[in-house]
Amino acid sequence: MRVLTSVSIAAFALASVAVTSQPPAQKTLSEEHATVARTPPMGWNSWNYFHRNVTEQDVKAAADAMVANGMRDAGYVYVNIDDTWEGTRNAEGVLSTNSKFPDMKGLADYVHSKGLKLGIYSSPGPKTCAGFAGSYGHEKQDADLYASWGIDYLKYDLCSYRSIMQKEAPNDKPAQMHMMIAAYTKMDKALKATGRPIVFSLCQYGWDAVWEWAPSVGGNLWRTTGDIQPNWNRIYAILEQQAGLAKYAGPGHWNDPDMLEVGNGRLTLAENRSHFSMWAMLAAPLLAGNDLPNMKPEVLKILTNRDVIAIDQDPLGQQAKRAYADGEVEVWTRHLEHGALAIAVLNAGADRYASHPFHLDLARLGLHGPQKGKNLWSGKEVTLTNDMPIEIASHDILLVRIPSPK
Ligand code: GLA
């Protein structure tokens, strides 16, 4: 990404924009779920890289890496085991782990000893999406088990509960939705009854306008779409589905456009940067999904860009809105605390805006006159002027924080 020279760029690596690390506002006890996810949860999840193959060793190695590589200090907290840890139920219905996870309590203790938290996965159905035991009919038992292990986060994935819905209310969509809401409510109550603060992550692929009802069933976050994949088309398709959802997010309850693919597949550095930037603009949970012990330094640099993380974690919790799009160049803005503003200009298309640079229309962002800020990927001070030509490589992004917009 390069901003053309009609723009005044002062090469101040240490720009005036400070990373905001305000203490969270006072907790209100009545907003119980806000206490565990006042800002979007940050951490790592096993699925996007390991899929079904994840083992206890992989989870420990991820936790070790997060401490050693600075991710923990940059704000990543949760180490989340996704599907395929589950074993079988005994005669009393108590679930065991399978041989890949011989000692879940020990693993939780290990993760906690590193200053991190442990997350787990289940389904309201009898089977998880990968065909392992779900919590159907055992919600309370499972919630108690998680709490006894020291689990801090539950991703609850609809999966086979769909067949129960279809069986009990054939072709009756409103009744099915009612059942689904009841199933999520049931687990929320079971989690709360344990007395342990546990982040509750809804995963039902964005059906039935989940953003409208998820907070009322205790959801701290809810998936807004089907599964992400490590390729630009899928990431961009998910991004497109987030426009219009900003009003549903806020402290304690977040839209979840799915876990990060940064560092996975064949994503280019520009794509990794854009994906990470846009998820931060969206106030999305930042759950890395790559092979942490073996990632490239340039990928780590993206994941630990503190200026970008500060956008995601901004205490106001106001998700970005798409201000406008000119073809495949999109301009998104996000209001931040102390009246600051983040602006993202994304070239989602395959073309380079070189011979015909993009011209930023500040008036469409409600801004008047030159705007001084910081380019969060170059670290340099930048002044945005009206109609300024901006050259953005294909799939790359300009991300600017303006402390005092005019
Ligand atoms: C679903 C979810 C994924 C992952 C898998 C595990 O597809 O959407 O994020 O949890 O199940 O089986």
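Just so we're clear, the structure is a prediction, and the values are computed from it rather than from any experiment. (Residues numbered from 1 in each chain as written. Predicted model: local features only at pLDDT ≥ 70, side-chain atom pairs only at ≥ 80, totals over all residues. Heavy atoms only, no water.)

## Thoughts on the sheet that holds strand β10 (residues 254–256)
Taken together, the eight strands give an open sheet; going across it, the order is β10-β9-β8-β7-β6-β3-β2-β11, and neighbouring strands pair in parallel fashion. Across the chains shown, the open sheet's two edge strands, defined by having one partner strand only, are β10 and β11 (286–288). Within the sheet, the average angular offset between the axes of one strand and its neighbour, ignoring direction, is 25°. Strand direction decides the pairing type here: strand β3 (residues 78–80) and strand β6 (residues 117–122), joined by three bridges, are parallel. In the strand pairing of β6, V79 is matched with L118. Those strands touched by helix α5 (residues 139–149) are β6 and β7 (153–157), and its axis lies near 160° from that of β6. (Pairing = 2+ DSSP bridges. Helix = DSSP H or I, 4+ residues; strand = E, 2+ residues; numbered from the N terminus. Axes fitted to C-alpha atoms, helices over the stretch in contact; angles between N-to-C directions. Contact = heavy atoms within 4.5 Å.)

## Let's talk about the packing of aromatic side chains
The way to describe two aromatic rings as a pair is by their centre distance and the angle between their planes. One pass over the structure, following the stated rule, counts eleven aromatic pairs. With centroids separated by 5.2 Å and ring planes inclined at 55°, the aromatic side chains of Y78 and Y153 adopt a geometry described as tilted. Linking Y78 in strand β3 with Y153 in strand β7, this pair joins segments that are 75 residues apart in sequence. The pair Y78 / Y153 is uniform in exposure class, with both members buried. When the ring of Y205 is compared with that of W207, the centres are 5.2 Å apart and the planes differ by 75°; the resulting orientation is edge-to-face. In this structure an aromatic cluster arises from ring pairing among W44, Y49 and F50. The ring of Y110 carries K60 above its face, with NZ or CZ at 5.0 Å from the centroid. (Phe/Tyr/Trp six-rings, centres within 6.5 Å; stacked < 30°, edge-to-face > 60°. Buried < 20%, exposed > 50% of the residue type's maximum accessible area, 1.4 Å probe, protein only. Lys NZ or Arg CZ within 6 Å of the ring centre and 35° of its normal.)

## Details of helix α10 (residues 269–281)
Under the 1.5 Å per step criterion, the end-to-end length of α10 is 18 Å for 13 residues, consistent within 8% with the ideal 18 Å. The buried fraction of α10 amounts to eleven of the 13 residues, a majority that puts the element mostly inside the structure. For α10, the set of buried residues is A270, E271, N272, S274, H275, F276, S277, M278, W279, A280 and M281. Positive phi appears at A283, one or two residues downstream of α10, with a value of about 55°. (Expected span 1.5 Å × (residues − 1).)

## Things to note about the pattern of salt bridges
Applying the stated criterion across every chain, the model contains 18 salt bridges. Among the salt bridges present, the one from D82 reaches K155, with a minimum N-O distance of 2.7 Å. Here D82, found in the loop between β3 and β4 (86–89), pairs with K155, found in strand β7; they are 73 residues apart in sequence, far enough to count as distant. The salt bridge partner of D152 is R196, with a shortest N-O separation of 2.6 Å. (Salt bridge = Lys/Arg side-chain N within 4 Å of Asp/Glu carboxyl O.)

## Quick word on the packing of helix α9 (residues 232–240) against α10
Two elements in contact, α9 and α10, have axes separated by 11 Å at closest approach and are oriented at 20°. Judged by the angle between their axes, α9 and α10 are roughly parallel. Both α9 and α10 take part in a crossing whose hand is left-handed. Across the interface between the two elements, W232, I235, I238 and L239 of α9 pack against E271, S274, H275, M278 and W279 of α10. (Parallel < 35°, antiparallel > 145°, perpendicular 65-115°, else oblique. Left-handed = near helix turned anticlockwise from the far one by under 90°.)

## Things to note about the state of the cysteines
One pass over the full model with this rule turns up one disulfide. Here C203 stays unpaired: no disulfide links it, and the sulfur of C129, its closest cysteine neighbor, is 6.5 Å away. Residue class for C203 comes out buried when judged on its relative accessible area of 1%. (Disulfide = S-S within 2.5 Å.)

## A word on the nonpolar core
Formed by 97 residues in total, the largest nonpolar core has its most connected members in Y76, W85, F276, W279 and L303. By residue number, the principal contributor to this core is helix α7 (residues 173–193), which donates seven residues. Ignoring anything within four residues of it in the chain, the contact list for W85 reads L95, S96, T97, N98, F101, M104, I120, Y121, Y146 and W149. Of all hydrophobic cores here, the second largest spans 19 residues; its members include V331, F358, L365 and I402. (Core = buried A, V, L, I, M, F, W, Y, C linked by side-chain atoms within 4.5 Å.)

Nothing here speaks to function; it is all geometry.
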